[in-house]
Amino acid sequence: MTKPKYYVTTPIYYVNDVPHIGHAYTTLACDVLARFKRLDGYDVTFLTGTDEHGQKVAKSARAAGVDAQAFTDQVSQNFRDLAAFMNYSNDDFIRTTEARHKTSVQALWRRLIDAGEIYLGSYAGWYATRDEAFYTDSELEKRPDGSLVAKASGAEVEWVEEPSYFFRLSAWQDRLLALYEANPDFILPKTRRNEVVSFVKSGLQDLSVSRTTFDWGVDVPGDDAHVVYVWLDALTNYITAVGFPDTEGDYARYWPADVHMVGKDILRFHAVYWPAFLMAAGLQPPRRVFAHGWWTNEGQKISKSLGNVIDPIKLVETYGLDQVRYFLLREVPFGNDGDFSHAAMVHRMNGDLANDFGNLAQRVLSMIHRNCDKAVPAPGGFSDGDRALLKAAAAIKDNMAAAIDVQAFHEALEHLWTVVRAANAYVDRQAPWALRKTDPDRMRTVLYVLAETLRHLAILAQPVMPDSAGRMLDLLAVPAEARDFAALTPAHAVQPGTSLPKPEGVFPRHVEPDADGA
Ligand code: ME8
């Protein structure tokens, strides 16, 4: 039987900057989707990469005093390194300066030309290099210092007049609205969908899709005075990576993408321009665009000028990798804005991870180690309470999968924690330490039920916390080939008599340096 496919993408990040928590967050969300789907039997392609053309990157390269290609080579590598550091399982890393991508952008351009969707004209209007976006007068506001900025982003605009190719976006209004109508989950969350629908309903103007005042980009086929507008170039990465312009092979298998994950800042490009480009070229639009929220730092907007950019590497060094991965997806309902604070991070790390999940594993595994010959105990008959806990454990996967399918990571984790808490309550109620003397058979049954519950919890925690969950599975002696979701059945239950390694803590507590006496 062929596996169902799943194709998930991150935005490709501009190489004008070092990676920060925002980039780490988007890619983390995609990593969890990809890992979850792989464990659930899907054939997954997970793509990330870097957006290397355009005026903004050219300007940063100039400011750094290096040639644009050398500059992008260097900064792109930072994003690749971050992916490895954060334990992302991306299957590909695309750079828009690669030959495969240039071929793909030019092929898409030719399709649009052949379809009569692009025409030559001239652009006179506002442009914000920071956003790489064109703005109309009504989208701007004046700052007290007299500068003109885009209302949505605060990016400064400048007046641009140049010959330009245009994409007939104005003709796509009805077809875009029909797409949103026919696919109610095409844009999530719903509130973002409503914003896009009203933007499209308010009318669309043709979009300038080439620039002539600089040359750091893909040449327009047949007219190399122009480079392709960086957003048309960048969006095309999603089809380049699956082999476009070849529409057989990987493209036929993986396209349309199941989810384009983006921040709310770039939703319009993904939910309006991109499906219009694709449909105009006779290609299918993606299945979903999910726009997540924005992180602030201790209540403040994150910005280079405020000097409060959160470096994901420092975070991980301070709190631990899986702790950071867990926090980012648990703390904020996915889609909402979130605030990073040390206090909130420590609260999750010490409360949810060390006290709830870590302590559960530690209590159960050390009681088994001390009282059951360091091996999975053999259970006797199950009580109603035992069956209830095993049943709750067996139900987590479907509940989590439903949440993951709508990118509700916080809910998926809540399903896991409902059973973590139920298992802790069960330990307290059953008091296996007391049974040791009074009823050792019953103690073995209780510890067996707990070990089997832990097996479920650890298997299902893998997408978010791959290392820690893997260590927990090692402590339960679960073989490597029995760690996917197909193993979440009684047939793969922990086997009485299996010897277990010496237990060790999986989730350390955060101790403040001064409270430590250090
Ligand atoms: O926009 N909170 O690249 P970019 C949450 N190259 N997420 C954040 C964030 C924050 N404070 N800051 C950034 C581009 N992000 C284009 C994309 S795609 C074809 C081209 C994340 O480097 C979020 O995902 O500016 C946002 O959409 C993305 O970084 C913007 O990255």
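Structural data are supplied above this passage.
Rules of the game
Residues numbered from 1 in each chain as written. Predicted model: local features only at pLDDT ≥ 70, side-chain atom pairs only at ≥ 80, totals over all residues. Heavy atoms only, no water. Helix = DSSP H or I, 4+ residues; strand = E, 2+ residues; numbered from the N terminus. Buried < 20%, exposed > 50% of the residue type's maximum accessible area, 1.4 Å probe, protein only. Contact = heavy atoms within 4.5 Å. Areas by Shrake-Rupley, 256 points an atom, 1.4 Å probe, with all protein chains shown as cover. Pairing = 2+ DSSP bridges. Axes fitted to C-alpha atoms, helices over the stretch in contact; angles between N-to-C directions. Parallel < 35°, antiparallel > 145°, perpendicular 65-115°, else oblique. Left-handed = near helix turned anticlockwise from the far one by under 90°. Nonpolar A, V, L, I, M, F, W, Y, C, P; charged D, E, K, R; others polar. 1 Å grid on protein atoms, 1.4 Å probe; cavity = no way out; pocket = protein on both sides within 12 Å on 5 of 7 lines; lining within 4 Å. Points joined across faces, edges and corners; volume = space filled by probe spheres on them. Near = heavy atom within 4 Å. Polar contact = N/O pair within 3.5 Å; in protein donor to acceptor, adjacent residues only side chain to side chain. Phe/Tyr/Trp six-rings, centres within 6.5 Å; stacked < 30°, edge-to-face > 60°. Lys NZ or Arg CZ within 6 Å of the ring centre and 35° of its normal. Core = buried A, V, L, I, M, F, W, Y, C linked by side-chain atoms within 4.5 Å. Expected span 1.5 Å × (residues − 1). Arc of directions from axis to C-beta. Salt bridge = Lys/Arg side-chain N within 4 Å of Asp/Glu carboxyl O.

Q: Hey, could you run me through the overall build of the protein chain in this one?
A: A tally of regular secondary structure across the protein chain gives 18 helices and 18 strands. With the C-alpha coordinates of the protein chain rotated into their principal frame, the extents come out at 90 × 60 × 40 Å. Counting the 518 residues in the protein chain, one finds 58% classified as buried. Once local pairs closer than 6 in sequence are excluded, the contacts in the protein chain between residues at least 24 apart make up 77%. Approximately 21,400 Å² of the protein chain is accessible, and the part contributed by carbon and sulfur atoms is 50%.

Q: Sorry if this is basic, but what is going on with the pairing of strand S8 (residues 158–167) here?
A: Regular strands place side chains that alternate from one sheet face to the opposite one. In this sheet, S8 lies alongside strand S4 (residues 118–128) in antiparallel orientation, the contact comprising 10 bridges. Bridging across to S8, Gly121 finds its partner in Ser164. Bridge count between S8 and strand S10 (residues 207–208): two bridges; the pairing is antiparallel. When the bridges of S10 are listed, Phe166 appears paired with Ser208.

Q: Is there a simple way to explain the packing of helix H5 (residues 173–182) against helix H6 (residues 190–201) in this structure?
A: To characterise two packed helices, one gives the angle between the axes of the helices and the distance between these axes. Where H5 contacts H6, the two axes come as close as 10 Å, and the packing angle between them is 160°. Classified by the angle between their axes, H5 and H6 sit roughly antiparallel to one another. As H5 packs across H6, the resulting crossing turns out to be left-handed. For the pair H5 and H6, the contacting residues are Gln173, Leu176, Leu177, Tyr180 and Glu181 in the first and Arg193, Val196, Val197, Val200 and Lys201 in the second. For the contact of H5 with H6, the per-class residue count stands at six nonpolar, one polar and three charged.

Q: It is not clear to me how empty space enclosed by the protein should be interpreted in this structure. Could you clarify?
A: Empty space among the atoms becomes apparent when a probe as large as a water molecule is rolled across them. Within this structure, the stated rule accounts for three cavities of 30 Å³ or more. Looking at the largest cavity, its volume works out to about 60 Å³. Taken together, Tyr13, His23, Thr27, Thr48, Gly49, Phe79, Leu82, Ala83, Tyr88 and Phe93 form the lining of the largest cavity. Listing elements by their share of the lining of the largest cavity, those giving two or more residues are helix H1 (21–39), strand S2 (43–51) and helix H3 (68–85). Broken down by element, the lining of the largest cavity gets its largest block of residues, three residues, from H3. Partitioning the lining of the largest cavity into residue classes produces six nonpolar, four polar and no charged.

Q: Looking at this structure, how should I read the site of the ligand?
A: Close to the ligand lie 22 residues, the nearest being Ile12, Tyr14, Thr26, Asp51 and Asp265. One nitrogen or oxygen atom from the main chain of Tyr14 is found 2.9 Å from an oxygen atom belonging to the ligand. Contacts to the ligand include Gly263, whose backbone N or O atom sits 3.0 Å from an oxygen atom. Out of a free accessible area of 680 Å², the ligand has 94% covered by protein chains. Of all the secondary structure elements, the ones that give two or more residues to the shell around the ligand are strand S1 (5–14), H1, helix H7 (230–235) and helix H8 (237–240). Sort the elements by how many residues they give to the shell around the ligand and S1 lands first, with four residues. Split by residue class, the shell around the ligand holds 11 nonpolar, nine polar and two charged.

Q: What should I look at first to understand the packing of aromatic side chains in this one?
A: Two measures describe an aromatic ring pair: the distance that separates the ring centres and the angle between the ring planes. According to the stated counting rule, one finds 30 aromatic pairs in the structure shown. An angle of 85° between the planes, with centres 5.5 Å apart, marks the rings of Phe269 and Tyr273 as edge-to-face. Placement of both Phe269 and Tyr273 in helix H10 (residues 267–280) is noted, with a separation of four residues, approximately one turn of the helix. No difference in accessibility class separates Phe269 from Tyr273, as the two residues are buried. The rings of Tyr25, Phe290, Trp295, Tyr319, Phe327, Phe334, Phe340 and Phe409 are connected pair by pair, giving a single aromatic cluster. Over the ring of Trp172 we find Arg175; its NZ or CZ atom is 3.5 Å from the centre of that ring.

Q: Help me out: how do you make sense of the nonpolar core in this one?
A: Considering soluble globular proteins, one finds that nonpolar side chains tend to be buried as a cluster. Residues Phe357, Leu450 and Leu454 are the most contacted members of the largest nonpolar core, which totals 102 residues. For this core, the leading source of residues is helix H17 (residues 440–461), giving 13 residues. Discounting chain neighbours no more than four positions away, the residues touching Leu450 are Leu360, Val364, Leu389, Ala423, Tyr426 and Val427. Counting 87 residues, the second-largest nonpolar core is a separate cluster that includes Leu140, Trp172, Trp255 and Trp274.

Q: Got a minute to help me understand the environment of Pro163 in this structure?
A: Position of Pro163 relative to the elements: it lies in strand S8. Once the C-alpha coordinates of Pro163 and His226 are considered, the two residues, 63 residues apart in sequence, prove to be 8.5 Å apart. Excluding its chain neighbours within four sequence positions, the residues that come into contact with Pro163 are Gly121, Ser122, Thr212 and His226.

Q: Could you clarify how one ought to interpret the sheet that holds strand S18 (residues 338–340) in this entry?
A: By definition, the strands of a sheet pair up through backbone hydrogen bonds, in either a parallel or an antiparallel sense. Taken together, the three strands give an open sheet; going across it, the order is S17-S16-S18, and neighbouring strands pair in mixed fashion. With one partner strand each, in any of the chains shown, strand S17 (300–301) and S18 form the two edges of the open sheet. Here strand S16 (residues 295–297) runs beside S17; their pairing, made up of two bridges, is antiparallel. Paired with Thr296 across the strands is Lys301, a residue of S17.

Q: What exactly am I supposed to notice about H6 here?
A: For an α-helix the count is 3.6 residues per turn, leaving residues at separations of three or four pointing the same way. Between the first and last C-alpha of H6 there are 16 Å, a value that for 12 residues agrees with the 16 Å anticipated at 1.5 Å per step. Buried within H6 are the following residues: Arg192, Arg193, Val196, Val197 and Val200. The arc that holds the buried residues of H6, viewed along the axis, is 140°, so those residues lie on one side. H6 presents Thr191 and Lys201 as exposed residues on the side facing more than 90 degrees away from its buried surface. In the core, the buried residues of H6 are packed alongside H5, strand S9 (187–188), H10 and strand S15 (289–292).

Q: Would you mind going over the pattern of salt bridges with me for this structure?
A: For side chains of opposite charge, pairing can occur when their charged atoms come near one another. Going through the model one piece at a time under the given rule, you end up with 29 salt bridges. With a shortest N-O distance of 2.4 Å, Arg421 and Glu414 are connected by a salt bridge. Residue classification places Arg421 among the partly exposed residues on the basis of a relative accessible area of 39%. Given the relative accessible area of 25%, Glu414 is considered partly exposed.

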